[in-house]
Amino acid sequence: MSTLDDLDRRLLSLLRANGRESVVNLARRLGVTRATVDSHLKRLVDSGVIVGFSVRVRDPSASSVVRAIMLIAVEGRNTRDVIRSLRGVPQIAALHTTNGRWDLVAEISCDSLASFDETLGTIRGIDGIRDSETSILLSSATA
């Protein structure tokens, strides 16, 4: 599909907010018929714009979890060794290589600020880590 029209964009926006919303509700909210929504959905799926539908689940304990992003600079050519060491830190939920000033991005999840502080110390103490910058995630905005 080469271009999305205004209805496609509005439909995708509603689906991002609630991928399980019924076609009838989508049609009502968009001010079009159910058949119009059906045809747009079929076209978006067939063209590969929509690759699937999913359910987002809220973790009941998420409000007490400290989440953060840590940007990590590696000394010299020690990236593989640093990654190996970071994989042993259970509070790292995901680890990504990147380009630019920072070599790695770690997604951190801890059950308390004390655990978070301890995790930062552990990570910063790993041989080969030259510098880091950490930002605590305060809230999540949906697309």
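Relevant structure appears above.
Residues numbered from 1 in each chain as written. Predicted model: local features only at pLDDT ≥ 70, side-chain atom pairs only at ≥ 80, totals over all residues. Heavy atoms only, no water.

1. Some details on the pattern of salt bridges
Throughout the structure, instances matching the rule amount to seven salt bridges. Here Arg43 ties to Asp8 by a salt bridge, and the two come within 3.3 Å at their closest N and O atoms. A residue pair is termed long-range when its members are at least 10 positions apart, and Arg43 in helix H3 (residues 34–46) and Asp8 in helix H1 (residues 6–17) qualify at 35 residues. The class of Asp8 is buried, set by a relative accessible area of 1%. With a closest N to O distance of 2.9 Å, Arg84 and Asp81 form a salt bridge. Note that Arg84 and Asp81 are positioned in helix H4 (residues 79–86) at a spacing of three residues, about one turn of the helix. Residue class for Arg84 comes out exposed when judged on its relative accessible area of 53%. (Salt bridge = Lys/Arg side-chain N within 4 Å of Asp/Glu carboxyl O. Helix = DSSP H or I, 4+ residues; strand = E, 2+ residues; numbered from the N terminus. Buried < 20%, exposed > 50% of the residue type's maximum accessible area, 1.4 Å probe, protein only.)

2. Looking at the pairing of strand S2 (residues 92–97)
Bridge count between S2 and strand S3 (residues 104–110): five bridges; the pairing is antiparallel. Residue Ala94 lies in a different strand from S3, and its bridge partner there is Glu107. Linking S2 to S3, which pair antiparallel, is a turn of six residues; within it Gly100 sits at a positive phi near 95°. (Pairing = 2+ DSSP bridges.)

3. Considerations on the pairing of S3
Put simply, side chains in a regular strand alternate between the two faces of the sheet. Most of S3 sits inside the fold, with five of its seven residues counted as buried. As defined by bridge partners, strand S1 (residues 66–74) adjoins S3 across seven bridges and the pair is classed as antiparallel. Looking at S3, one finds that Ile72 is bridged to Leu104.

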